[in-house]
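The lines below spell out each chain.
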Amino acid sequence: MTIQDTIAADGILLQTSNLTMRFGGVVAVSDVSLTLRELELRCLIGPNGAGKSTFFKMLTGQLKPSTGAISFRGAPIAGDDPHAIARRGIGIKTQVPNVFDGLSVREHIWLAARRQHLDRRANDIVASVLDRIRMTHLAGAQVGRLSHGQRQWVEIGMVIAGDPDLILLDEPAAGMTHDEVLRTAEIIRDINQTKALIVVEHDMQFIRMIAKTVTVFNQGAVLVENTVDAVLADQRVRDVYLGKKVH
Ligand SMILES: Nc1ncnc2c1ncn2[C@@H]1O[C@H](COP(=O)(O)OP(=O)(O)OP(=O)(O)O)[C@@H](O)[C@H]1O
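Every chain is numbered on its own, with residues counted from 1 as its sequence reads. Given that the model is predicted, a residue must reach a pLDDT of at least 70 before its local features are reported, and side-chain atom pairs must reach 80 or more before they are shown or counted; all residues, however, enter totals for whole chains, interfaces and linings.

Moving on: the nonpolar core. Met58, Ile109, Leu168 and Val199 are the most contacted members of the largest nonpolar core, which totals 68 residues. Broken down by element, this core gets its largest block of residues, seven residues, from helix H6 (residues 148–161). Connectivity within a nonpolar core runs through C-beta atoms within 7 Å, and the core itself is a set of buried Ala, Val, Leu, Ile, Met, Phe, Trp, Tyr and Cys residues. We call a residue exposed when 12 or fewer other C-beta atoms sit within 10 Å of its C-beta, buried when the count reaches 20 or more, and partly exposed for counts in between; the C-beta positions come from the backbone. Secondary structure follows DSSP: runs of H or I at least 4 residues long count as helices, runs of E at least 2 residues long count as strands, and numbering of each begins at the N terminus.

This part is about the environment of serine 104. By secondary structure assignment, the location of serine 104 is in the loop between strand S6 (90–93) and helix H4 (105–116). The spacing of serine 104 and glutamine 219 is 115 residues in sequence and 41 Å in space, taken between C-alpha atoms. Contact definition: two residues whose C-beta atoms, as placed from backbone geometry, lie within 7 Å. Not counting residues up to four positions away in its chain, the partners in contact with serine 104 are Ala139, Gly140, Ala141, Gln142 and Val143.

Take helix H7 (residues 178–191) next. If you check H7, its first and last C-alpha atoms are 20 Å apart, about what 14 residues at 1.5 Å a residue would give, namely 20 Å. Taken residue by residue, H7 has Thr184, Ala185, Ile187, Ile188 and Ile191 as its buried positions. For H7, the arc enclosing every buried residue in end-on projection is 165°, short of the 170-degree limit, so these residues lie on one face. In H7, those exposed residues whose orientation departs by more than 90 degrees from the buried face are His178 and Asp179. Each residue after the first adds 1.5 Å to the expected span of a helix. Taken from the helix axis, the directions to the C-beta atoms give the arc we talk about.

What follows is the structure, encoded as structure tokens:
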């Protein structure tokens, strides 16, 4: 490694190099090289089937890349098992619900914190996570009685309770009311004060609320990477969303 490489590597949290995932003849992710800096908030967009979920699954170890590399804080992690990757500091909220209706909000956050920390530390973390997801007043409520948006915030709380350095959120605003979307954007901006995030989202208004840089996937590859405004004005992006509203 040259001195220039060392300087360039400074401040980089995550880097993928030529990351590729093939399923038989389908190339779900093709040659994706993406760099995320410390405390960056990146939005990933792209039409259905563009490869966003597959990309996330490789970052978390759920899928072993066909080829290419992933480095997190300079360490190679591609193909490591999900527990090892979580321990290194990558947390994810998927679209698959991960809550138990009969447990309270506090119990969910405590269990998530307890996985990483001792009991005493877990109790402190619970209070701060409840505050961050704006749910202190609902700490004792059973999750089964909450609205869809509130359940999503509990899941975000469970991820931050593990204290990861990088948080992956897969469509956090899907199915939410307008007010819930606003609150979610506020929560994400707040989390971004101390954590890096990659957020997959389809809701462009929501992306405008949170994003600085947007990476657009299409057919498994990176089509464009630029500021929100530049991406939304890009004819290539409009073309891949043909027939759909992009802003
Ligand atoms: N396990 C699998 N086996 C075979 N093909 C797969 C598998 N997982 C994903 N694919 C294919 O890979 C491509 C990318 O899918 P992926 O789910 O990553 O896209 P996406 O951008 O997340 O889409 P969406 O926005 O609809 O969630 C699609 O063509 C999909 O059918």
